[in-house]
Amino acid sequence: MHQDDMEITPALLLNAYAAGVFPMAEHRDGQTRWVDPHRRGIIPLDGLHVSRSLRKRIRQGGFEVRVDTAFDTVVDACASRSETWINDEIRGLYTELHDMRQAHSVEFWHEGRLTGGLYGVRLGAAFFGESMFSTQTDASKIALVWLVARLRAGEFHLLDTQFVTDHLLSMGGVEIGRSAYRRRLAYATHRIADWNALPEDLPPQHVLDIATGSTVVR
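Scope of this entry: the structure provided in the associated data block. (Residues numbered from 1 in each chain as written. Predicted model: local features only at pLDDT ≥ 70, side-chain atom pairs only at ≥ 80, totals over all residues. Heavy atoms only, no water.)

Taken as a whole and judged by the stated rule, the model has eight salt bridges. Between arginine 33 and glutamate 26 there is a salt bridge, with the nearest N and O atoms lying 3.0 Å from each other. Relative accessible area serves as the criterion here: at 23%, arginine 33 is assigned to the partly exposed category. Residue arginine 101 pairs with aspartate 68 through a salt bridge whose shortest N-O separation is 3.1 Å. Residue arginine 101 is located in the loop between helix H4 (88-99) and strand E5 (103-110), and its partner aspartate 68 is located in the loop between strand E4 (64-67) and helix H3 (71-79); the two are separated by 33 residues in the primary sequence. Owing to a relative accessible area of 41%, arginine 101 belongs among the partly exposed residues under this scheme. One network of salt bridges, with partners in common, ties together Asp36, Arg178 and Arg182. (Salt bridge = Lys/Arg side-chain N within 4 Å of Asp/Glu carboxyl O. Buried < 20%, exposed > 50% of the residue type's maximum accessible area, 1.4 Å probe, protein only. Helix = DSSP H or I, 4+ residues; strand = E, 2+ residues; numbered from the N terminus.)

Put into C-alpha cells, the structure is as follows:
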C-alpha cells in the first residue's frame, strides 16, 4: 500500500495498527509506505526465552532500566544506521503518539549513559514493537526482558515484532500467518491493559521472574 497524498495523522496511524498495518519508509529520505506482511513476527508473552548468559548478566545488575525518559533519543538511535526505515514523517508521528501516551520507550542505562533500548506503540492490550538499538552487549535484550515483564504485569495479550530476526528468534520470537495474527490482534485491541502495572525499582531477579512467568505481580 502507498501513502500517495494522504496525510498520516496519529489517529490514522492507530487505526492502521488496529487493522494490522504499519508504516515504513524505504530509506531515510523515502516515501512512507503501508506494510501488511503475509507472515508476522510476534513474541508470545508466555514464551520469552532468556539464555543462561543473559540471566547471569541480569543478576549481576549494575545498570538501570527506565521507561519513557528519553523517547526521542531512543528513536533517533534506532534511526542512526546506514539503512533505516524511519524517515522524518514517521519520527514525527511517533513523537506525537508518545505525547498522547500511546508510544513508549524502554531504556537501558549504564553509568549514566543510554546504551540500548526499544520503542513501540500501545493499543488496548497489544504492544507493537517498532525498533531497538544497542551500543553495549545485551543492552537491547535486557530492555526486551523488562518490556515483557511490564506487558505480563499489565495483562497485555500481544507483543508484535512485525518481522522476525535472529536476535528475536533467540528470545522466543515466532512467525505466524496473517489470518492468525489478525485474530490475536482483534482480541488484544479490544481488551484493557495497564502499562504502569509493573512496580518501579524491582530487583533485576524479580523482573526476570515476571518476564519468564516464574512469579506474578502482587
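Let us now look at the nonpolar core. Counting residues in each nonpolar core, the largest one holds 38 residues, and the members touching the most others are Leu13, Tyr17, Ile86, Tyr94, Tyr119, Val121 and Phe128. With five residues, the top contributor of residues to this core is H3. Dropping the residues within four chain positions of it, valine 121 is found in contact with Leu14, Tyr17, Tyr94, Leu97, Gln102, Ala103, Ala126, Phe127 and Phe128. (Core = buried A, V, L, I, M, F, W, Y, C linked by side-chain atoms within 4.5 Å. Contact = heavy atoms within 4.5 Å.)

With that out of the way, let us pick up the side chain of glutamate 130. The topology assignment puts glutamate 130 in strand E7 (residues 126-134). Here tyrosine 17 takes part through its side chain, which lies 2.5 Å from a polar atom of the side chain of glutamate 130. Apart from residues no more than four positions distant in its own chain, glutamate 130 is found in contact with Tyr17, Trp85, Tyr94, Tyr119, Gly120 and Gln162. (Polar contact = N/O pair within 3.5 Å; in protein donor to acceptor, adjacent residues only side chain to side chain.)

Hydrogen bonding along the main chain pairs the strands of a sheet, whether they run parallel or antiparallel. Spatially, the seven strands line up as an open sheet ordered E4-E5-E6-E7-E8-E3-E9, and their pairing is mixed. Sheet topology places E4 and strand E9 (174-177) at the edges, where each strand pairs with a single neighbour. Adjacent strand axes in the sheet meet at a mean angle of 35 degrees when their direction is disregarded. The pairing of strand E3 (residues 39-42) with E9 spans four bridges and is classified as antiparallel. Within E9, the position partnered with isoleucine 42 by the bridge is valine 174. Across the sheet, helix H7 (residues 178-189) lies against E3, strand E6 (113-123), E7, strand E8 (158-162) and E9, angled at about 95 degrees from E9, the strand it touches most. (Pairing = 2+ DSSP bridges. Axes fitted to C-alpha atoms, helices over the stretch in contact; angles between N-to-C directions.)

Moving on to the packing of aromatic side chains. Evaluated as defined, the whole model comprises eight aromatic pairs. Pairing phenylalanine 63 with tryptophan 146 gives two aromatic rings, centres 5.6 Å apart and planes at 80 degrees, and the pair type is edge-to-face. Linking phenylalanine 63 in the loop between helix H2 (52-60) and E4 with tryptophan 146 in helix H5 (residues 139-153), this pair joins segments that are 83 residues apart in sequence. The exposure class of tryptophan 146 is buried, given its relative accessible area of 11%. Judged by centre distance (5.6 Å) and plane angle (65 degrees), the ring pair of tyrosine 94 and tyrosine 119 falls under edge-to-face. Placement of tyrosine 94 in helix H4 and of tyrosine 119 in strand E6 is noted, with a sequence separation of 25 residues between them. Residue tyrosine 94 shares its accessibility class with tyrosine 119, and that shared class is buried. Linked through ring pairs, Phe63, Phe108 and Trp146 together constitute an aromatic cluster. Its end group placed over the ring of tryptophan 109, arginine 66 keeps NZ or CZ at 3.9 Å from the ring centre. Its end group placed over the ring of tryptophan 195, arginine 150 keeps NZ or CZ at 5.1 Å from the ring centre. (Phe/Tyr/Trp six-rings, centres within 6.5 Å; stacked < 30°, edge-to-face > 60°. Lys NZ or Arg CZ within 6 Å of the ring centre and 35° of its normal.)

Interpretation note: all reported values are geometric properties and have no functional meaning in isolation.
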